[in-house]
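Tertiary structure, described
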Amino acid sequence: MTSLVMDVFSSLPRLAPIESMLVPAAFGLVTYLIYKRFEILPSSELATVFLLFVVPLASSVFLLHHYSDGLAVLSGFSIYYASLLSSIAVYRASPWHPLARYPGPFLAKVSQFWLARETTKGKWHETLKELHDKYGAYVRVGPNQLSFVDASLIPKIMGSDGMPKGPMFDGARIPHVPANVVAIRDLSEHAQLRKPWAKGLSTAAIKEYSPTVVKRALQLAEELDKFAEKGESTDLAMWMSRFAFDFMGDMVFGGAFELMKEGDTSGIWGMITEQMKAQALLQRLPWSVHIVHKLPFVVAAMAKFTKFVNDCVARRSNRGARVKDLFYYLANEDSDTALSRSEKSSMPYGNVSHELALLRENCKVAIVAGSDTTATTISNMFYYLMTNKEVLARLRNELDEAFPPGDGEPFDFVKLSELKILNAVINETLRLQPPVPTDLQRAPAAGSGSKRIGEHIIPEGTSVNISPYVLHRQARYFSPMPEKFWIDRWLQSPTSKVEPDSTSAHYIHDTSAYIPFAYGPANCAGKALALAEIRSVTALLLQRFDIDLVEELRNEYVEKNKWEKEINSFFVFRLGELRVVIKRRA
Ligand code: HEM
């Protein structure tokens, strides 16, 4: 210690051991009050270092009279942090917390880490459903986070007069990089960012992409035909992922990937899974992104994905527009604000213009949103068809009538969109397995103070999550058999009452609770494209093949629920293996 510090130290009163322990405890409490009052985030680096390092160090000095230097500092820090953390926990669990009236697990109320831990297990969709079964429609799932299962409130939460995206979307951002269309929280900025997406996924644009849907669907059928010829089983879910990824590469970048032809040699699918897992965790602890993004080993998966996307953008950018792909619209190549050629080639990674950084971020959205969700839906749908043979037969009849085998491919998009059974099968799949199952989060705008949602006052600093998965499985919205694959619920007239099987439950079909593509101004921009893709692939594969579960595994799938057990959610679903045998249709 320098003599100055020694002088200061010796001038301090010598407190009794117990009193010297109370000093860091008191500082811990004061720090909590400062945090609560001023909402200091880890991004305020100076304040964070001061409050979380300098203050506990300074408050340890009184312990130096009684313990060795090391032990005094260790005890000081321990007492300080115990006091700070328990003050936070006590307040959060207290009746004075603004969300005190909402029920939920005790640990969820006191710490955000509970939800983070649950998220890492990949079963949050199921856990959340259990919580709502236990506690009712309004559950506190985090210290400042609610989950609502109430269809009547969806327009007020997500509609045009609703709330902007919630803080979890800060966790999906890289600090100091512009937010993409999914992560942007300000409503007017979102409306701006949405414009090129609306153009790039408009009916006119989808028409431009349709030859690619056809080409890639035919290629998928050819690949699957090889298994029919050899009589070997294969993983249908893997093929759907490869198909969707190749199609997305064509649609976004005018041609980028050949996973169906060459296999996933560079581990793209694994990389996206790692990215989604890391992102799902960070979205639970959004305040931590500023710290985490400084730890190279933690962001390895994310850095890999970022580099992958940046490379795709650079390649497409240097090549220029061959066709009007989605990139064409996202990069504003249809207007004067497009990046100039010299700008494109001279920009090194890491030091790029706002426009290029934003373009890269939006391309990340396109890659994940444009492939993963459709692949998941088609795989889930085939699983339900293979385990509901009577539905499969009805769908087959409908398709055979509309597109008789031997009479050309089933690629009339308008006709496909009018097929009642096909649409009922897709709707029912998306009802039971919505690819974005749990986290449509919204929160009061900054500076608004609070937002009234029906009889609920949502204070600023708290948020509301809507879960399509949980909503879609409520008996009060979908009855009978809310948890069963029953396509007829989509084929009844809304007022009719039915008594299928032996159940006498009333028929309820409340589509205001059906939101697989979200709701309001930030709903899915790619809905029409996704549906066109799903319908064509399904129609083509059913026209050409008999696809069934491998017989030896049927029991595992049907009795032991293997398929659903292996579905994990990390913001979006990740699927297991769907092992099938494929035969050419007689
Ligand atoms: C079955 C397929 C799909 C489903 C179920 C689905 C579902 C969703 C959902 C629930 C959201 C809202 C997320 C939120 O509010 O946090 C969303 C957003 C979005 N989706 Fe999709 N999606 C699908 C396919 C696609 C496709 C093929 C694209 C094309 C690139 C796409 C592009 C987008 C975009 C750009 C957004 C962000 C919209 C915004 O924030 O304004 N989606 N999607």
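For the protein chain, an unreviewed UniProt entry supplies the name High nitrogen upregulated cytochrome P450 monooxygenase 1 and the organism Sanghuangporus baumii. UniProt's Pathway (unreviewed entry) comment on the protein chain is quoted here verbatim: "Secondary metabolite biosynthesis."

**Some details on the overall build of the protein chain**
For the protein chain, the count of helices and strands is 26 helices and 13 strands. Here the C-alpha atoms of the protein chain give a radius of gyration of 27 Å, agreeing with the 25 Å that 2.2 N^0.38 yields for 586 residues. By principal-axis analysis of the C-alpha atoms, the protein chain measures approximately 95 × 65 × 50 Å. Counting the 586 residues in the protein chain, one finds 53% classified as buried. The long-range fraction of contacts in the protein chain, counting pairs at least 24 apart against all pairs at least 6 apart in sequence, stands at 72%. A distance of 3 Å separates the average location of the 66 positive side-chain charges in the protein chain from that of its 63 negative side-chain charges.

**Observations concerning the sheet that holds strand 1 (residues 138-142)**
With mixed pairing, the four strands of this open sheet are ordered in space as 1-2-7-4. Because the sheet does not close on itself, it has two edges, and the strands there are strand 1 and strand 4 (440-442). Pairwise comparison of adjacent strand axes, ignoring direction, gives a mean angle of 30° for this sheet. Inspection of the sheet shows strand 1 paired to strand 2 (residues 145-148) by four bridges, in the antiparallel sense. Each residue of the ladder has a partner; that of Tyr 138, found in strand 2, is Phe 148. Of the strands in this sheet, strand 1 and strand 2 are in contact with helix 7 (residues 124-135), which crosses strand 1 at around 135°.

**What about the coordination of the iron atom of the ligand?**
What the protein offers the iron atom of the ligand as a donor is a single atom, Cys 524 (SG), at 2.3 Å. Note that Cys 524 resides in the loop between strand 9 (508-509) and helix 24 (527-544).

**Quick look at empty space enclosed by the protein**
Taken as a whole and assessed by the stated rule, the structure comprises four cavities of 30 Å³ or more. Of the volumes computed, that of the second largest cavity is approximately 100 Å³. Around the second largest cavity, the lining comprises 16 residues; the ones closest to its centre are Met 163, Pro 164, Leu 187, Arg 442 and Ala 522.

**Quick word on the site of the ligand**
Around the ligand lies a shell of 26 residues, among which Lys 165, His 190, Arg 194, Thr 373 and Cys 524 are the nearest. Between an oxygen atom of the ligand and a main-chain N or O atom of Val 181, the distance comes to 3.3 Å. Here an oxygen atom of the ligand and a side-chain polar atom of His 190 are 2.6 Å apart. For the shell around the ligand, the elements supplying multiple residues, two or more each, are helix 9 (187-200), helix 18 (354-369), helix 19 (372-386), strand 4 and helix 24. The leading source of residues in the shell around the ligand is helix 9, at three residues. Split by residue class, the shell around the ligand holds 17 nonpolar, six polar and three charged.

**Concerning the UniProt feature "transmembrane region" (unreviewed entry) in the protein chain**
The UniProt entry lists residues 15-34 and 46-65 under the feature "transmembrane region" (unreviewed entry), expressed in the numbering used here. Between the first and last C-alpha atoms of residues 15-34 the distance is 26 Å; the span itself is 90% helix and 0% strand. For residues 46-65, the helix share is 65%, the strand share is 0%, and the end-to-end C-alpha distance is 29 Å.

**Some thoughts on the nonpolar core**
With 141 residues, the main nonpolar core has Phe 245, Phe 308, Leu 541 and Leu 578 as its most contacted residues. Per-domain counts for this core show at least three residues from each of domain 2 (187-472 + 514-584) and domain 3 (473-513). Not counting residues up to four positions away in its chain, the partners in contact with Leu 541 are Leu 220, Ala 221, Leu 224, Met 240, Phe 382 and Ile 547. Counting six residues, the second-largest nonpolar core is a separate cluster that includes Tyr 32, Ile 40, Tyr 80 and Leu 84.

Reading the values: the criteria
- Residues numbered from 1 in each chain as written.
- Predicted model: local features only at pLDDT ≥ 70, side-chain atom pairs only at ≥ 80, totals over all residues.
- Heavy atoms only, no water.
- UniProt positions renumbered as here; feature names shortened; annotations may be inferred.
- Helix = DSSP H or I, 4+ residues; strand = E, 2+ residues; numbered from the N terminus.
- Rg over C-alpha atoms; globule rule 2.2 N^0.38 Å.
- Buried < 20%, exposed > 50% of the residue type's maximum accessible area, 1.4 Å probe, protein only.
- Contact = heavy atoms within 4.5 Å.
- Lys, Arg positive; Asp, Glu negative; His and termini not counted.
- Charge placed at Lys NZ, Arg CZ, Asp CG, Glu CD.
- Pairing = 2+ DSSP bridges.
- Axes fitted to C-alpha atoms, helices over the stretch in contact; angles between N-to-C directions.
- Donors = N, O, S within 2.8 Å, 3.2 Å for Na, K, Ca; no water.
- 1 Å grid on protein atoms, 1.4 Å probe; cavity = no way out; pocket = protein on both sides within 12 Å on 5 of 7 lines; lining within 4 Å.
- Points joined across faces, edges and corners; volume = space filled by probe spheres on them.
- Near = heavy atom within 4 Å.
- Polar contact = N/O pair within 3.5 Å; in protein donor to acceptor, adjacent residues only side chain to side chain.
- Nonpolar A, V, L, I, M, F, W, Y, C, P; charged D, E, K, R; others polar.
- Core = buried A, V, L, I, M, F, W, Y, C linked by side-chain atoms within 4.5 Å.
- Domains from an automatic or database assignment.

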